[in-house]
Amino acid sequence: MTSIALSGGNTITLSGANQNAVVDTGTTLIGGPESVLASFYSQIPGSARGTQLDSSLEDYYVIPCDTNVEVSLTFGGQAYTMQASDLIGGTVSQSYCLGAFFVMNLSSGSQPVPGSSSQVPTWIVGSAFLKNVYTVFQSNPTAVGFARLKSGVQGFGTLGLAGFSIDENGNSTGTIVISSGSQPHVSRWIVLSGILATGLALLGM
C-alpha cells in the first residue's frame, strides 16, 4: 500500500516498512501504524483519540458520526475509494463514532520474517475496505488482486461487513492489479494477526 488520501485533505505517502500490508477478510476494521494514523485523523474535523471518551479505547480514534469523508487507499498504483459510511466502525456516544482505522503497532514490524525477505506487516486491511472492491486471492505465488465494483449492481448475500456486491455474472469493472510476494509461510501471518481469517494474502510491495 503506497498512499492514503482523504477527500478534501492531503495525500499521505507511505514509504519503507509502512507499505507492508496483510489483506484479511477475518478482520473488520483497518489497523495501521500510530504515526500515520495521527496524521490521518488530524485531517478529519472533530476527531480525537478514543481515550478522551473511554479509557478502553486506547488504540482507537473517534470521529463525529456525521463525518462525510471518503478515503482512498492506493495499491499497485491504483486508488480504491471507501464510502464515507465505511469510515464508521461503530457508535460510541450520541455524537461520536469509532473510526474504522485503529492503531496497530507490532514491536517486530521492522524485522524480517525468518526465511523470507518480506517484513512483518504494519497494516491489516479488513472488510471496511474490502467491501468496496472485488478481491481475488492467489496462493501460488502468494498474491492478491483488486477491481472496482460496477455501479448499480445487484446486491448478493454478505458475510457481515465483509460482504460485497457484484453483478449477476460475477463481473466487476476496472483493472485487477496483482501484487506478488515471495512469502511462503502464510500461516505465520495468521498467527501475527491473531485472527483465524477466512482468506489471507500478502501484498509484497
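Here the structure is a predicted model, which means the values were calculated and not measured.

What counts as what
Residues numbered from 1 in each chain as written. Predicted model: local features only at pLDDT ≥ 70, side-chain atom pairs only at ≥ 80, totals over all residues. Heavy atoms only, no water. Disulfide = S-S within 2.5 Å. Helix = DSSP H or I, 4+ residues; strand = E, 2+ residues; numbered from the N terminus. Buried < 20%, exposed > 50% of the residue type's maximum accessible area, 1.4 Å probe, protein only. Pairing = 2+ DSSP bridges. Contact = heavy atoms within 4.5 Å. Axes fitted to C-alpha atoms, helices over the stretch in contact; angles between N-to-C directions. Salt bridge = Lys/Arg side-chain N within 4 Å of Asp/Glu carboxyl O.

A.B. asks: Now, about the state of the cysteines: what can you tell me, with residues and values included?
C.D. replies: All told, the structure shown has 1 disulfide when counted by the stated rule. For Cys65, the disulfide goes to Cys97, at an S-S distance of 2.1 Å. With the S-S dihedral at roughly 105°, the linkage between Cys65 and Cys97 falls on the right-handed side. Within this pair, whereas Cys65 is found in the loop between strand 6 (61-64) and strand 7 (71-75), its partner Cys97 is found in strand 10 (residues 96-99), the two being separated by 32 residues in sequence. For Cys65, a relative accessible area of 29% translates into the label partly exposed.

A.B. asks: Run through the pairing of strand 10, naming residues and quoting values.
C.D. replies: Where strand 6 and strand 10 come together, 3 bridges link them in antiparallel fashion. Bridging from a neighbouring strand, Ile63 pairs with Cys97 of strand 10. In the sheet, strand 9 (residues 88-91) pairs with strand 10 via 3 bridges, with the strands oriented antiparallel. Residue Thr91 lies in a different strand from strand 10, and its bridge partner there is Cys97. In sequence, strand 9 turns back onto strand 10 through a hairpin of 4 residues.

A.B. asks: Please provide a residue-by-residue account of the sheet that holds strand 5 (residues 48-49), values included.
C.D. replies: One open sheet holds the 4 strands; their spatial order is 5-6-10-9, and the pairing between them is antiparallel. Whereas interior strands pair on both sides, the edge strands pair on one side only; in this sheet they are strand 5 and strand 9. Its contacts with the sheet place helix 1 (residues 34-41) against strand 5, strand 6 and strand 10, and it is angled at close to 15° to strand 6.

A.B. asks: Lay out the pattern of salt bridges with the relevant residues and their values.
C.D. replies: For the coordinates displayed, the defined rule picks out 2 salt bridges. Between Arg49 and Glu34 there is a salt bridge whose closest N-O contact spans 3.0 Å. Pair noted here: Arg49 is in strand 5 and Glu34 is in helix 1, with a separation of 15 residues, a long-range link. On the accessibility criterion, Arg49 (21% relative accessible area) is partly exposed. The closest approach of N and O atoms between Lys131 and Asp86, which form a salt bridge, is 3.1 Å. Of the two residues, Lys131 sits in the loop between helix 2 (127-130) and strand 13 (133-138) while Asp86 sits in the loop between strand 8 (78-82) and strand 9, which places them 45 residues apart along the sequence. The partly exposed category is assigned to Lys131, whose relative accessible area is 24%.

A.B. asks: Residues and numbers for unusual backbone geometry, please.
C.D. replies: Here the amide bond leading from Asn140 into Pro141 is cis, since omega sits at 0°, within 30 degrees of zero. Counting through the fold element by element, Pro141 comes out in the loop between strand 13 and strand 14 (143-148).

A.B. asks: Provide a residue-level description of the sheet that holds strand 7, including the pertinent values.
C.D. replies: Strand order across the open sheet formed by 4 strands is 2-1-7-8, with antiparallel pairing between neighbours. Bordering the open sheet on either side are strand 2 (11-13) and strand 8, each of which pairs with just one other strand. For this sheet, the mean angle separating the axes of adjacent strands, direction not counted, is 20°. Examined bridge by bridge, strand 7 and strand 8 share 5 bridges and lie antiparallel to one another. For Leu73, the partnering residue across the bridge sits in strand 8 and is Tyr80.

A.B. asks: Help me get a handle on the environment of Thr74, residues and values and all.
C.D. replies: In this structure, Thr74 sits in strand 7. Here Thr74 falls in the buried class, since its relative accessible area comes to 12%. A C-alpha to C-alpha distance of 5.3 Å links Thr74 and Ser3, two positions 71 residues apart in sequence. Filtering out sequence-adjacent residues up to four positions away, Thr74 remains in contact with Met1, Thr2, Ser3 and Ala79.

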